[in-house]
Amino acid sequence: MNLIEGLNDKQKEAVLTTEGAVLILAGAGSGKTKVLTHRIAYLVHEMKVAPYSILAITFTNKAASEMKERVEKIVGSGAKDIWVSTFHSMCVRILRKTIHRMGYSNQFSIYDAEDQKKLVGQITKDLGLDEKFYPTKKTLSIISSQKNDFISPAQYEAQMLGDFTGTNYSTIYKMYQEKLEKNNSLDFDDLIFKTIQILKECSDVREYYGERFKYILVDEYQDTNNSQFMLVELLASKHRNVCVVGDPDQSIYKWRGANIRNILDFEKKYKEAKIIKLEENYRCTKTILETANEVIKNNINRKEKNLWTQNEEGEQICIYNAYDDRDESMFIASTIVKEVESGNEDYNSFAVLYRTNAQSRVIEELFINKNIPYQLYGGVKFYARKEIKDILAYLKLLVNTRDTLSLERIINVPRRGIGETSMDRLAAYAAQENKTMYEAMLTINEVYELKSVAFKFQAFVDMLEEIKSDLRNKKITEIVEQILEKSTYMQTLKLETTEEARDRVENIYQFIAKAQEYDETREDGTLENFLEEVSLVADIDNYEEQNNTVKLMTLHSAKGLEFPQVFIAGVEEGVFPSYMTLNSVDEDEREEERRICYVGITRARKRLYITYANARKQFGRIVYNAPSRFIEEIPEKYKKDLTIKRKAENSAKIKVISKLSDGLKKHTTFSVSNYNNLVTPSKVAMSFESGDKVSHVKFGFGIIEGVRPAGADYELTINFETVGTKKLMSKFANLERV
DNA sequence: CAGAGACTCGAGGAG
DNA sequence: CGAGTCTCTG
């Protein structure tokens, strides 16, 4: 295969300039992915570079696996040894081998935002600081910025010297870090931070990776932060063959610490750098591209560039001014239906993009109403759901018994009668013995003052130890099943008759299906690896072309994707640009909004719709927003207004069913599990009466004390020998007469 | 210690 | 409006 055939001159240059530092400024739709994959293939194929000495860093796992796939197609199975991964998974890979040098064990846990919140909340409380003045969210964002700038707690403390509030924040930071270390856990930012630390402090590790990675590529470079910059610099210090690709106009993650200067100043840091500009767009129509150019022009703080296309003129941008958010959604839904019914497009061709996740709700409602198949990305992420996080906490604890946060999460889930008081006592005992909580539980019976609850701790830890036995030889599915069964988690959940509980059960089955898939595809997969994969997936990673669905996602998630027809919804002052930026002193925050808009516009290949509503429900109240400045920034000649026509058509039928149907919850990106039920559902609601002696799978032997009709079922009051009186629904209790 | 009910505050974007 | 937290009672 000729690797440069069909490429334009600039693209060729980008593929062929393999040595030294290279900065590729790649405008939207300029064939960046093609260039990257061909470049890698060229290295392997033509330059005979060993695949394992190539490192390619992408923004999402999805982009990584896509790139890997494409390279594999060209160079064959050798591609397996190329490291194509996100910053985070690359770091985990390094840390799993090396972090024992820093007082952690290689089985460390990875904490997500919720875990972080819990820790910081605890610490703030322990320090006696008022959460009103030290809100967890703010603290976390401070800690995150420090880590993104590679500033340690000690350095931050020094910086805050003499600043009362700042010193308090630095104290929290310090304690937070101590706690993480004690729990043998890392947060997301630590993954980068610790890797830098190890590379700096352990010269042999630095030597090893520095020597190994002869060619480094970094995609989406405009969204890297300072720590990531340092990391790349360290890894590339030896060979200095570093190729970064990005587009300053698409830098939309400043809030996450991204430093746009990394790309703007690349040539200053790497003086020898060769700069290649890819300015021909192959994706959009002239009109769409011009629209994007006109909008982004309004950013003062920006390097001019000239993105152009040979594509056809195309249609004007469709603007729709809705009465309210509901009307807006209706316009989107009926436009899609019309297009699909006319045979012009199928559902796959459409994406609806919005600024905030909350906006998806109304759109979904209308889609369900009109039977439009869709996939939603973002929102409450699958692995962030309570029930999934519970199971994950069990799993984490099995791997890393120092993970006290996970322990605390599940020690009383399902209820084991272990409350705060007991936990405090256990903690005190553990501290006194200088043991972890887990270790303390193992010897709990020796402690006189804990006698009353000791057996509960004992039962819990025994259960975990039992699951842990022969852990290496168990399939993940097996481990998960044992947890669900032995902890009675599944059973307890099934005893609840709420719709919510049913959803949870369903989610757990989906989780098991995921575990099964993992078992089947990863022969040598370990529990650690499974947990790691789960911790590091972004929602967008699960984006798969499912048969014919409209895609709903935030503008941020849409980065890197393209669709024939795109709707951008809620283009109003206060929504997009976000109200958070309207009064900000920082002009760049508003410019970042405009860059997000630029990203959104350039996702569209053929047709772009921009919609805005006069009124919209926000925070449960109705707000009235002006049309967004971004709409005004589009020259008249590129716009056509669909509003009047629609209004006439629809004025009669603006009543919509507001009730959310079940379908709303079925939006997850996972295929429905075909897994057989773990615990067989209850059979018959046989009749019991007071005085009957029964036996229950979990609670054991008991006597029925009362029977009360409840709906189609009966509520039984049962006095159990071991756990005392419980109220259970006859239908679900699975009782056996004794 | 568990569960119900009151209450409060928040939703900007994500690996 | 709704999720998460606090407080009260059994």
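Our structure's up above, just so we're on the same page.
Calculation criteria
Residues numbered from 1 in each chain as written. Chains lettered and ligands numbered in written order. Predicted model: local features only at pLDDT ≥ 70, side-chain atom pairs only at ≥ 80, totals over all residues. Heavy atoms only, no water. Near = heavy atom within 4 Å. Polar contact = N/O pair within 3.5 Å; in protein donor to acceptor, adjacent residues only side chain to side chain. Helix = DSSP H or I, 4+ residues; strand = E, 2+ residues; numbered from the N terminus. Patch = residues over 30% accessible without salt bridge, like charges linked within 9 Å, V, L, I, M, F, W, Y side chains within 5 Å. Areas by Shrake-Rupley, 256 points an atom, 1.4 Å probe, with all protein chains shown as cover. Salt bridge = Lys/Arg side-chain N within 4 Å of Asp/Glu carboxyl O. Buried < 20%, exposed > 50% of the residue type's maximum accessible area, 1.4 Å probe, protein only. Pairing = 2+ DSSP bridges. Right-handed = clockwise from strand over helix to strand, strands pointing away. Core = buried A, V, L, I, M, F, W, Y, C linked by side-chain atoms within 4.5 Å. Contact = heavy atoms within 4.5 Å. Phe/Tyr/Trp six-rings, centres within 6.5 Å; stacked < 30°, edge-to-face > 60°. Lys NZ or Arg CZ within 6 Å of the ring centre and 35° of its normal.

Asker: What's the story with the protein's contact with DNA strand B in this structure? I'm lost.
Answerer: Every one of the 32 residues lining DNA strand B counts as a neighbour, but Arg355, Asn357, Gly419, Tyr579 and Glu593 are closest to it. The sugar and phosphate moieties of DNA strand B supply 52% of its atoms located within 4 Å of the protein. In this structure, Asn357 approaches DNA strand B through a main-chain N or O atom, which is 2.4 Å from a phosphate oxygen. Here Thr554 contributes a side-chain N or O atom positioned 3.2 Å from a phosphate oxygen of DNA strand B. Elements supplying a minimum of two residues to the surface near DNA strand B: helix 9 (188-201), helix 19 (420-433) and helix 26 (579-582).

Asker: In this structure, what is going on with a nonpolar patch on the surface? I would like to understand it.
Answerer: A contiguous nonpolar patch, built from Tyr579, Met580 and Phe619 and spanning about 440 Å² of accessible area, is present on the exposed surface. By the element assignment, Met580 lies in helix 26. On the basis of relative accessibility, which here comes to 58%, the residue Met580 falls in the exposed class.

Asker: When you look at the pairing of strand 7 (residues 242-246) in this model, what are you seeing that I'm missing?
Answerer: Consecutive side chains of a regular strand alternate in pointing toward one face of the sheet and then the other. For strand 7, a buried count of five out of five residues is recorded, marking the element as mostly surrounded by other parts of the structure. Because side chains alternate across strand 7, one face comprises the buried residues Val242, Val244 and Gly246, and the other comprises Cys243 and Val245, equally buried. As paired elements, strand 1 (residues 22-26) and strand 7 share four bridges and run parallel to each other. Looking at the pairing, Ile24 lines up with Val245 of strand 7. Two strands pair when backbone bridges link them, and strand 6 (residues 215-218) and strand 7 are joined in this way by three bridges, in the parallel orientation. Looking at the pairing, Val218 lines up with Val244 of strand 7. One crossover worth recording links strand 6 to the parallel strand 7 by way of helix 11 (residues 226-236), and it is right-handed.

Asker: How should unusual backbone geometry be read in this particular structure?
Answerer: Leave glycine aside and you will find that most residues have negative phi; peptide bonds, for their part, are mostly trans. Residue Pro414 is bonded to the preceding Val413 through a cis peptide linkage, with omega at -5 degrees. You can see Pro414 is positioned in the loop between helix 18 (404-410) and helix 19. Cis geometry marks the peptide bond from Phe576 to Pro577; its omega dihedral reads 10 degrees. Looking at the secondary structure, you find Pro577 in the loop between strand 15 (563-568) and helix 26. Phi at Lys48 takes a positive value of approximately 55 degrees, unusual for a residue other than glycine. Among the structural elements, Lys48 can be located in the loop between helix 2 (32-45) and strand 2 (54-58). In this structure Lys48 comes out as exposed when scored by relative accessible area, which is 66%. Even without glycine at this site, Asn371 takes up a positive phi of about 55 degrees. Asn371 gets classed as exposed once you look at its relative accessible area, which sits at 66%.

Asker: Would you take a moment to explain the nonpolar core for this structure?
Answerer: Across soluble globular proteins, you tend to see nonpolar side chains buried next to one another. Formed by 65 residues in total, the largest nonpolar core has its most connected members in Met90, Leu191, Leu231, Leu235, Val242 and Phe266. Considering every element that reaches this core, the biggest residue donor is helix 11, with seven residues. Look past the residues within four positions of Val242 in its chain and what remains in contact with it is Gly20, Ala21, Val22, Ile216, Val232, Ala236, Phe266 and Tyr270. If you look at the next biggest cluster of nonpolar residues, it comprises 55 residues, including Ile391, Tyr429, Val480 and Leu484.

Asker: What is the right way to read the packing of aromatic side chains from this model?
Answerer: Inspection of the entire model under this criterion finds 22 aromatic pairs. Arranged with centres 5.8 Å apart and planes meeting at 85 degrees, the rings of Tyr221 and Phe266 form a pair that is edge-to-face. Of this pair, Tyr221 sits in the loop between strand 6 and helix 11 while Phe266 sits in helix 13 (residues 266-269), and the two are 45 residues apart along the sequence. Here the two residues Tyr221 and Phe266 agree in accessibility, since each one is buried. Judged by centre distance (5.5 Å) and plane angle (40 degrees), the ring pair of Tyr253 and Trp255 falls under tilted. In this structure, Arg96 packs its charged tip against the face of Phe108, placed 4.1 Å from the ring centre. Directly above the ring of Phe59 sits Lys559, whose terminal nitrogen or CZ lies 3.9 Å from the centroid.

So, to be careful, I would describe these as geometric facts and stop short of saying anything about function.
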